[in-house]
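# Examining the three-dimensional arrangement
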Amino acid sequence: MIYLDNVHKIFNQGKVNEFQAIKGVDLTLEGGKISVLKGPSGSGKTTLLTMIGGLSRPTSGRVRLQDRDLSSLPERFLTEIRRKTFGFVFQQFNLIKGLSVLDNVMVPALPTGRDHKEVRDQAAALLGRLKIAHKSGARVEWLSGGEAQRVAIARALVNDPEIVIADEPTANLDSALSEEFLEIIHGVKQEGRTVLMTSHDPVVCDAQVVDRVVSMRDGALVDGHQA
Amino acid sequence: MIFQPAIIALLLGSLVVTIMVLAASGFGVQVLRRWNIGSGSELQVKLERQTYLISTLMGFACTIELVSLLLFVFNADRMASQFVGAMCAVGTLNANEFGFPALTLKLINFFLAGIWLILNYVDNKGYDYPLIKPKYLLLLVLAPLMATEFGLQLAYFLGLEADIITSCCGSIFGSDANTVASEMGSLPLSTSMIIFYSVMTLTLLAGVFFILTGKGGIVFAAMSGIGFVAAIQGVISFISIYIYEHPHHHCPFDVIQGGYNYIGYPLYIPLFSAALLGLGVGGLLPFRQKQSLSEVIPLVGRRFAIVSVAGFALFLTVATLSIVFSNLIMFEK
């Protein structure tokens, strides 16, 4: 379970360009389900997602995972949680150019100190499962959008995370590739993982595999979506 | 006199440390009054963020404090040649009334700053800032002491006059002088040696026992403090005379001079480090009940104890070898 308790996020606080991105969000997200934060551009869904994933901290309020308070954790502990509990799929995929597909998938596992061969085997297995093993040796800049996203998903899963976070995962994909992505995500859920996405794509929000859609507007939850 | 590199470094270092500690004190008061990890208030989140910066800066400030003690003594020794009557650091420190008070306060601040660093180190290993309040409480104790230390150092260095005739170490540590230090030096040699070796052996045994069993931390910490005093007493009463090969020369400062192969440094650096870490073991024990530190403190305490025991052992070895290889014969065969 992920709990958000009166979470606020203000950028440039106290300055003339102060902007309140999140305004007192209370929300509980169930584990083992696919949840989508839906809303127009500027509604605060990505900001909220980054706070849940420990990539940024609230200005006030708390983010808890099970009984552990994530938002108060010192940075060194948060890094460990980010590394082991969360897997991230970014909107622009953020793959490292110049490295091969296999190396990109292995990157998040390198700081964990796991056995290199074990990581390599796991990365290769993930690429196989996502039907992109034939591109293992290719450089990521040679991949198509759909292929790059599969690699990004494989990378998100390499540390066996409990929660997968995806920010606008279908923004750069056509409808067929978006459906394909949802199939993959359904598989991820069936492995017992929690999936949390942001999207304003109807293909994602209306998909059957999605368990819950939380609507946002102007930094707050739209009525009917509290907790 | 003030325009000497070491003095400028000491004064600037002390000024920077004082400013940093005083600035951090305001934050410390806020932490002590308002810290509540259970709250997600804006103030609490802000305090959590700021403590990174403040702790890091204080870590540097306390490290400067540790190193500056060494520089202060080194500088005092180097400046001895500039004062009539001074043979070592004692003469320089005696050149005005602020010298020894400054040294005494630097010694106190050395241990307090060291303990702050230990608390900070352990606090950083807990996920819920377990020692944040004791850490900032100690900071509030340190702030006026560091400010006073800066004032004393400034008064001392500004008050140094080259034409002052000062007293050498014989006036303080000689057997004719009427001081606590001279009384230490005038103890019978055999009594001093028995006390010294007994206390040091007990300290080492307490340390080894703690390392092996994880028990007796308080005893080891207490023995580290007692061992430190016994070690200083040992240096004044008999180790020094074997190093100088002179039966009435008890000065604990001359040993850092080149004429005695700078042997004071391998004596004092391990001793001070050992005492600090040994005391740190005891200082941490009350916090082992905290959930986030229940596994950390035994581990860190054991590591500190290993280094502390090694430090005491190194001090004892250097002291004993100095006696064994000395040409001074104090006992008839």
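Refer to the structure printed above.
Here's what I pulled together on the structure shown here. (Residues numbered from 1 in each chain as written. Chains lettered and ligands numbered in written order. Predicted model: local features only at pLDDT ≥ 70, side-chain atom pairs only at ≥ 80, totals over all residues. Heavy atoms only, no water.)

## Quick look at the overall build of chain A
Along its length, chain A carries seven helices and 10 strands. Over its C-alpha atoms chain A spans a radius of gyration of 17 Å, differing by no more than 12% from the 17 Å that the globule rule assigns to 227 residues. Here the C-alpha coordinates of chain A stretch approximately 50 × 40 × 35 Å along the principal axes. Here chain A holds 227 residues, and 51% of them are scored as buried. Residue pairs at least 24 apart in sequence account for 69% of intrachain contacts in chain A once pairs closer than 6 positions are excluded. Of the roughly 10,200 Å² that chain A leaves accessible, carbon and sulfur atoms contribute 49%. The distance from the centre of the 28 positive side-chain charges to the centre of the 28 negative ones in chain A is 4 Å. (Helix = DSSP H or I, 4+ residues; strand = E, 2+ residues; numbered from the N terminus. Rg over C-alpha atoms; globule rule 2.2 N^0.38 Å. Buried < 20%, exposed > 50% of the residue type's maximum accessible area, 1.4 Å probe, protein only. Contact = heavy atoms within 4.5 Å. Areas by Shrake-Rupley, 256 points an atom, 1.4 Å probe, with all protein chains shown as cover. Lys, Arg positive; Asp, Glu negative; His and termini not counted. Charge placed at Lys NZ, Arg CZ, Asp CG, Glu CD.)

## A few points about helix 5 (residues 132–158) of chain B
Its 27 residues place the ends of helix 5 of chain B 38 Å apart at the C-alpha level, agreeing with the 39 Å of an ideal helix rising 1.5 Å per residue. Of all bends in helix 5 of chain B, the biggest is about 30°, found at Leu142(B), and the proline Pro144(B) comes one to four residues later. (Expected span 1.5 Å × (residues − 1). Bend = angle between axes of the 7 residues up to and from the residue.)

## With respect to the packing of aromatic side chains
For the structure on display, the rule yields 22 aromatic pairs over all chains. On the numbers, 5.3 Å between centres and 80° between planes, the contact of Phe196(B) with Phe238(B) is edge-to-face. Here Phe196(B), found in helix 8 (residues 189–213), pairs with Phe238(B), found in helix 9 (residues 217–244); they are 42 residues apart in sequence, far enough to count as distant. When the ring of Phe196(B) is compared with that of Phe315(B), the centres are 6.0 Å apart and the planes differ by 65°; the resulting orientation is edge-to-face. You can see Phe196(B) sitting in helix 8 and its partner Phe315(B) sitting in helix 11 (residues 296–324), a full 119 residues away along the chain. On the basis of relative accessibility, which here comes to 0%, the residue Phe196(B) falls in the buried class. Note on Phe315(B): relative accessible area 0%, which makes it buried. Three or more aromatic residues link up through ring pairs in this structure, and these residues are Phe110(B), Phe111(B), Phe228(B), Tyr268(B) and Phe272(B). Sitting above the plane of the Tyr127(B) ring, Arg68(A) keeps its charged end 4.8 Å from the centroid. (Phe/Tyr/Trp six-rings, centres within 6.5 Å; stacked < 30°, edge-to-face > 60°. Lys NZ or Arg CZ within 6 Å of the ring centre and 35° of its normal.)

## Brief notes about the side chain of Arg193(A)
All names here are of chain A. With respect to the helices and strands, the residue Arg 193 is situated in the loop between helix 6 (175–190) and strand 8 (194–199). The class of Arg 193 is buried, set by a relative accessible area of 10%. Reaching out from Arg 193, the side chain makes a polar contact with the side chain of Glu 191 at a distance of 2.9 Å. Apart from residues lying up to four places away in sequence, Arg 193 is in contact with Gly 32, Lys 33, Leu 157, Asp 160, Pro 161, Glu 162, Val 164 and Val 188. (Polar contact = N/O pair within 3.5 Å; in protein donor to acceptor, adjacent residues only side chain to side chain.)

## Details of the environment of Arg76(A)
Turning to its location among the elements, Arg76(A) is positioned in helix 2 (residues 75–85). The exposure class of Arg76(A) is partly exposed, given its relative accessible area of 39%. When near neighbours in sequence (up to four residues on either side) are disregarded, Arg76(A) contacts Tyr52(B) and Asn124(B).

## Here's the deal with the interface of chain B and chain A
Between chain B and chain A, the contact holds 15 residues from the first and 17 residues from the second. A combined buried area of about 1,200 Å² lies between chain B and chain A, and 45% of that area is made up of carbon and sulfur atoms. The three residues of chain B that bury the most area against chain A are Glu42(B), Tyr52(B) and Tyr127(B), which together make up 41% of that side's buried surface. On the surface where chain B and chain A come into contact, there are one salt bridge. On inspection of chain B and its partner chain A, the count reaches 11 residue pairs in polar contact (both at pLDDT 80 or more). Of the residues in the side of chain B that touches chain A, the class split is five nonpolar, six polar and four charged. (Buried area = accessible area lost by both parts, 1.4 Å probe. Salt bridge = Lys/Arg side-chain N within 4 Å of Asp/Glu carboxyl O. Nonpolar A, V, L, I, M, F, W, Y, C, P; charged D, E, K, R; others polar.)

## Notes on the sheet that holds strand 3 (residues 34–38) of chain A
Hydrogen bonds between backbone atoms are what pair the strands of a sheet, whose relative direction is either parallel or antiparallel. All names here are of chain A. In spatial order, the strands read 6-7-8-3-9-10; together these six strands make up an open sheet with mixed pairing. Edge positions in the sheet fall to strand 6 (86–89) and strand 10 (220–221), since each has one partner strand and no second. Helix-sheet contacts for helix 1 (residues 45–52) involve strand 3, strand 6, strand 7 (163–167), strand 8 and strand 9 (212–217), and the interaxial angle to strand 8 is about 155°. (Pairing = 2+ DSSP bridges. Axes fitted to C-alpha atoms, helices over the stretch in contact; angles between N-to-C directions.)

## Let's talk about the pairing of strand 4 (residues 60–65) of chain A
Strand residues, when the strand is regular, have side chains that alternate between the two faces of the sheet. Residue and element names in this part refer to chain A. Of all six residues in strand 4, five are buried; the element is thus mostly enclosed. Relative to strand 4, strand 1 (residues 2–11) is paired through five bridges, and the arrangement is antiparallel. Looking at the pairing, Leu 4 lines up with Val 63 of strand 4. Direction of pairing for strand 4 relative to strand 5 (residues 68–69): antiparallel, over a ladder of two bridges. Each bridged residue has a counterpart across the sheet, and for Arg 64 the counterpart in strand 5 is Asp 69.

## Some details on the pairing of strand 6 of chain A
Residue and element names in this part refer to chain A. Of the two faces of strand 6, the one lined by Phe 86 and Phe 88 and the one lined by Gly 87 and Val 89 are each fully buried. One ladder, built from four bridges, connects strand 6 with strand 7; its direction is parallel. By the bridge assignment, Phe 86 is partnered in strand 7 with Ile 163.

## Some words on the nonpolar core
Residues Met58(B), Phe157(B), Ile239(B), Phe253(B), Leu284(B) and Phe315(B) are the most contacted members of the largest nonpolar core, which totals 106 residues. With residues near it in sequence (within four places) discarded, Ile239(B) still touches Phe196(B), Gly234(B), Phe315(B), Ala319(B) and Ile323(B). Listed in part, the 41 residues of the second largest apolar core include Val119(A), Leu127(A), Leu143(A) and Val209(A). (Core = buried A, V, L, I, M, F, W, Y, C linked by side-chain atoms within 4.5 Å.)

## Re the sheet that holds strand 4 of chain A
Here we have four strands laid out as an open sheet, ordered 2-1-4-5 (chain A), and antiparallel in their pairing. Looking at the sheet topology across the chains shown, the edges are occupied by strand 2 (19–29) and strand 5 of chain A. Where helix 1 of chain A meets the sheet, it contacts strand 1, strand 2 and strand 4 of chain A, and its direction lies at approximately 120° from that of strand 1 of chain A. Sitting on the sheet, helix 2 (residues 42–78) of chain B touches strand 1 and strand 4 of chain A, and the angle it makes with strand 4 of chain A is about 70°.

## Some details on the pattern of salt bridges
Pairs can form between side chains of opposite charge whenever their charged atoms are close. All names here are of chain A. Overall, the coordinates contain 18 salt bridges over all chains when judged by the stated rule. Note that Lys 45 is salt-bridged to Glu 168, the shortest N-O span being 3.4 Å. One end of the pair, Lys 45, is in helix 1; the other, Glu 168, is in the loop between strand 7 and helix 6, with 123 residues separating them in the sequence. We note that Lys 45, like Glu 168, is buried. Residues joined in a network through salt bridges with shared partners are Arg 129, Asp 160, Glu 191 and Arg 193.

Everything listed is a geometric property; what it means functionally is a separate question.
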